[in-house]
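# Per-entry structural report
If you want the building blocks of each chain, they are given just below.
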Amino acid sequence: MCVCSLWGGSVINLGTKKHRDKYFEGINNLEYLGCFAMTELHHGSNVQGIQTIATFDPLTDEFVITTPNDGAIKWWIGNAAVHGKFATVFAKLMLPTHDSKVVSDMGVHAFIVPIRDLKTHQTLPGVEINDCGHKVGLNGVDNGALRFRDVRIPRDNLLNRFGDVSRDGTYTSPLPTINKRFAATLGELVGGRVGLAYTSVGVLKIAATIAIRYSLIRQQFGPPKQPEISILDYQSQQHKLMPMLASTYAFHFATVNLIKKYAEMKKTHDEQLVADVHALSAGLKSYVTSYTAKSLSVCREACGGHGYAAVNRFGSLRNDHDIFQTFEGDNTVLLQQVAGDLLKQYQEKFRGGTFAVTWNYLRESMNTYLSQPNPVTSRWEGEDHLRDPKFQLDAFRVIFYLFLKYPLAREYRNFIILSIFYYQTRYIHG
Ligand SMILES: Cc1cc2nc3c(=O)[nH]c(=O)nc-3n(C[C@H](O)[C@H](O)[C@H](O)COP(=O)(O)OP(=O)(O)OC[C@H]3O[C@@H](n4cnc5c(N)ncnc54)[C@H](O)[C@@H]3O)c2cc1C
C-alpha cells in the first residue's frame, strides 16, 4: 500500500507530466521504492502545523530541505527504515523576498527527496534515517524516522500540480489561497482512505467467518438427556454475531460503492463527486475501522478460550488492524470532517427565498417517504413473507440506503439490522 498508494499516489496525483514520465515506470516495477513522509514527531493530525521547510535557492535553482528541530523529524514513515529510495516529503515552501533576510511561507507542499543511493542503497548525505522500533502489529513494514540537514534537491522535484516556482523564484498556482491549495493537496490523497475502508471490511469478513463457523460446530449444554447444542443456537451468541454478519454485508456493498465513486471521480474530476467521495471516505473509513476493531474482540470472546490461541488469528488480526483507526486520518478527526460537511449541506439546504426553502424541504421529505418500505408488508411476520428473498433484499436495501445517506445514524441502522436478524433467527431458522 505504501508503494502504490501513498508514495506512488502522491507522485502521480500531486505531480505533473514531467514527474509521471520520470518516475511512473520505476514506481510501477518497484525499482523506485519510496515512502510518504508527512507526519512529524510533533504533528500528525494537524498537517498544517508541520515544521519541515523547503527553501528555494535562486542561485542554484534548488530547494533546501531542512528539519529545523527534533519535533520536525518525520516519524512513522512506512518504508523509510529499510527499503525506501525516495520520500515524498511534505514541507512548508519558503520563498526569498526582495529583502534578503525575509522569506515568505507559501504553505505545505510536497517534494520528491532521494534518501538512498539507487545502486548502493547507502543513505544519501544530509539524510539521517532511524527505525521507529518494534510495533504492536504490522511489523512487515519498516516504519522509520527521517531528519534532513539542508538536503538540496532540484527545483523540478517540487510536485507542482497545485503550486509552482519558476526559475526566478516567482510563485504561481491555479488556486487562490494557501487553504485552498492545502485542501486540494490532501483531497488527492483520499485513495488511501478508500483502500483502508475496503481492507478493514476484509478483516471483518475473516473474523466473522472464523467466529460463526466455530460457533456452529462448538457445542455446550443442551436439553436434559439430549445431545448438547451448537452455541450458535443461543440468542446471546446470535446477538453477538448475526448483526455483525449483516453489517459485514452492508459494509461490503458500501465500500464497493465507494470504490466505484472514487474511480468515477478520478475519471471525471467532477467537483460534486470530489466533495462526496471526500466525506464518504472519511465517514466510512472511521465507521468501518472502529466497528471492525470492536468486532475483533467480540469474535475472540465468542470463540471462548480457543479464540485466544494464536493459531486462530484473532490476536494478529487485532494487532495488525488496530492502527487502521489512526493512520490515513485519526477516526475522531475524520468524523469531525464529516460533521463539518453535513453542517455545510444543511446550511445549503436552507439557502434561498422562503418558497425555494419550503419546496426543497417538501421534495426531500417526499424522497424519504418514498424510499421507506411498505409499512403494512414490512410488519408481516408469516414464514412465507419472511423467507421471501424480495422482502429480504428490500430490507437490505433500506439498510444500505440509510447507511449511505446517514453514515452517522448508528442507532437507527443497528436497530434495523438487529430487527431483521431477530426475525430471521426467530421465525426462519426456527
Ligand atoms: C504504523 C504506523 C504507520 C504510519 N505510516 C505513516 C506514513 O507512512 N506516513 C506518514 O506521514 N504518517 C504515517 N503514520 C502517522 C499517522 O498518519 C499519524 O499517527 C496519524 O495521522 C495521527 O497523528 P498523531 O499520531 O500525531 O495523533 P494525534 O493527532 O496527536 O492524535 C492523538 C489523539 O488526539 C485526538 N485529537 C487530535 N486532534 C483532535 C481534535 N482536533 N479534536 C479532538 N481530538 C483530537 C485524536 O483523536 C487522538 O485520539 C503512521 C502511523 C503509524 C502508527
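Treat the numbers as computed from the prediction; the structure is a model and nothing was measured.

What follows concerns the overall build of the protein. Broken down by element type, the protein carries twelve helices and 13 strands. Here the protein, with 430 residues, has 42% of them falling under the buried criterion. Partitioning the contacts of the protein with sequence separation of at least 6, the portion at a separation of at least 24 is 69%. Carbon and sulfur atoms provide 58% of the accessible area of the protein, an area that totals close to 23200 Å².

With that out of the way, let us pick up the nonpolar core. Leu-241, Met-244 and Phe-251 are the most contacted members of the largest nonpolar core, which totals 33 residues. Not counting residues up to four positions away in its chain, the partners in contact with Met-244 are Leu-204, Ala-208, Tyr-291, Ser-295, Val-298 and Cys-299. Formed by 26 residues, the second largest nonpolar core is a distinct cluster that contains Ile-77, Ala-87, Val-127 and Leu-158.

Turning our attention to helix H6 (residues 271-302). The end-to-end C-alpha distance of H6, which contains 32 residues, comes to 45 Å, matching closely the 46 Å that a straight helix rising 1.5 Å per residue would cover. Near the N-terminus of H6, the side chain that reaches the backbone nitrogen of Gln-272, with its oxygen 3.3 Å away, is that of Asp-270. Positive phi appears at Gly-304, one or two residues downstream of H6, with a value of about 60 degrees.

So, about the packing of H6 against helix H7 (residues 314-322). In contact at an axis separation of 10 Å, H6 and H7 are set at 160 degrees when each is read in the N-to-C sense. On the basis of their axis angle, the class for H6 and H7 is roughly antiparallel. Between H6 and H7 lies a crossing of left-handed hand. Residue-level contacts link Thr-289, Thr-292, Ala-293, Leu-296, Ser-297, Cys-299 and Arg-300 of H6 to Phe-314, Leu-317, Arg-318 and His-321 of H7.

By nearness alone, 16 residues border the ligand, and Phe-36, Thr-39, Ser-45, Trp-76 and Asp-330 come closest of all. Between a nitrogen atom of the ligand and a main-chain N or O atom of Trp-76, the distance comes to 3.0 Å. Burial of the ligand by the protein amounts to 63% of the accessible area it has alone, namely 980 Å². When residues of the shell around the ligand are traced back to their parent elements, those giving at least two are strand S4 (74-77) and helix H8 (331-349). The greatest single-element share of the shell around the ligand, amounting to three residues, is contributed by H8. Class assignment for the residues of the shell around the ligand results in seven nonpolar, eight polar and one charged. Counting the residues that make up the shell around the ligand, at least three belong to each of domain 1 (2-176) and domain 2 (197-428).

Per the counting criterion, the structure on display carries ten aromatic pairs. The interplanar angle of 65 degrees and the centroid separation of 5.0 Å between the aromatic rings of Phe-63 and Phe-111 together place this pair among those described as edge-to-face. Here Phe-111 lies in strand S6 (residues 103-114) and Phe-63 lies in strand S3 (residues 62-66), a separation of 48 residues in the sequence. This pair shows no difference in class: Phe-63 is buried, exactly as Phe-111 is.

Position of Glu-328 relative to the elements: it lies in the loop between H7 and H8. At 5.2 Å, Arg-193 is the nearest oppositely charged side chain to Glu-328, a buried residue that forms no salt bridge.

Where burial is concerned, most of S3 is hidden: four out of the five residues are buried. Pairing analysis gives five bridges linking strand S2 (residues 53-57) to S3, with the strands arranged antiparallel. Paired with Phe-56 across the two strands is Phe-63, which belongs to S3. A loop of four residues connects S2 with S3, the two strands running antiparallel in sequence, and Asp-61 in this loop sits at a positive phi of about 60 degrees. Across four bridges, the pairing between S3 and strand S9 (residues 151-154) is antiparallel. Across the sheet, residue Ile-65 finds its bridge partner in S9, namely Val-151.

Bringing the packing of H6 against H8 into the picture now. Running from amino to carboxyl end, H6 crosses H8 at an angle of 140 degrees, the nearest separation of the two axes being 9 Å. When the interaxial angle is binned, H6 and H8 end up oblique. Relative to H8, H6 is oriented so that their crossing is left-handed. Each of His-278, Ala-279, Ala-282, Gly-283, Lys-285, Ser-286, Thr-289 and Ser-290 in H6 lies in contact with H8, whose residues at this interface are Asn-331, Leu-334, Leu-335, Gln-337, Val-338 and Asp-341.

What counts and what doesn't
Residues numbered from 1 in each chain as written. Predicted model: local features only at pLDDT ≥ 70, side-chain atom pairs only at ≥ 80, totals over all residues. Heavy atoms only, no water. Helix = DSSP H or I, 4+ residues; strand = E, 2+ residues; numbered from the N terminus. Buried < 20%, exposed > 50% of the residue type's maximum accessible area, 1.4 Å probe, protein only. Contact = heavy atoms within 4.5 Å. Areas by Shrake-Rupley, 256 points an atom, 1.4 Å probe, with all protein chains shown as cover. Core = buried A, V, L, I, M, F, W, Y, C linked by side-chain atoms within 4.5 Å. Expected span 1.5 Å × (residues − 1). Polar contact = N/O pair within 3.5 Å; in protein donor to acceptor, adjacent residues only side chain to side chain. Axes fitted to C-alpha atoms, helices over the stretch in contact; angles between N-to-C directions. Parallel < 35°, antiparallel > 145°, perpendicular 65-115°, else oblique. Left-handed = near helix turned anticlockwise from the far one by under 90°. Near = heavy atom within 4 Å. Nonpolar A, V, L, I, M, F, W, Y, C, P; charged D, E, K, R; others polar. Domains from an automatic or database assignment. Phe/Tyr/Trp six-rings, centres within 6.5 Å; stacked < 30°, edge-to-face > 60°. Lys, Arg positive; Asp, Glu negative; His and termini not counted. Salt bridge = Lys/Arg side-chain N within 4 Å of Asp/Glu carboxyl O. Pairing = 2+ DSSP bridges.

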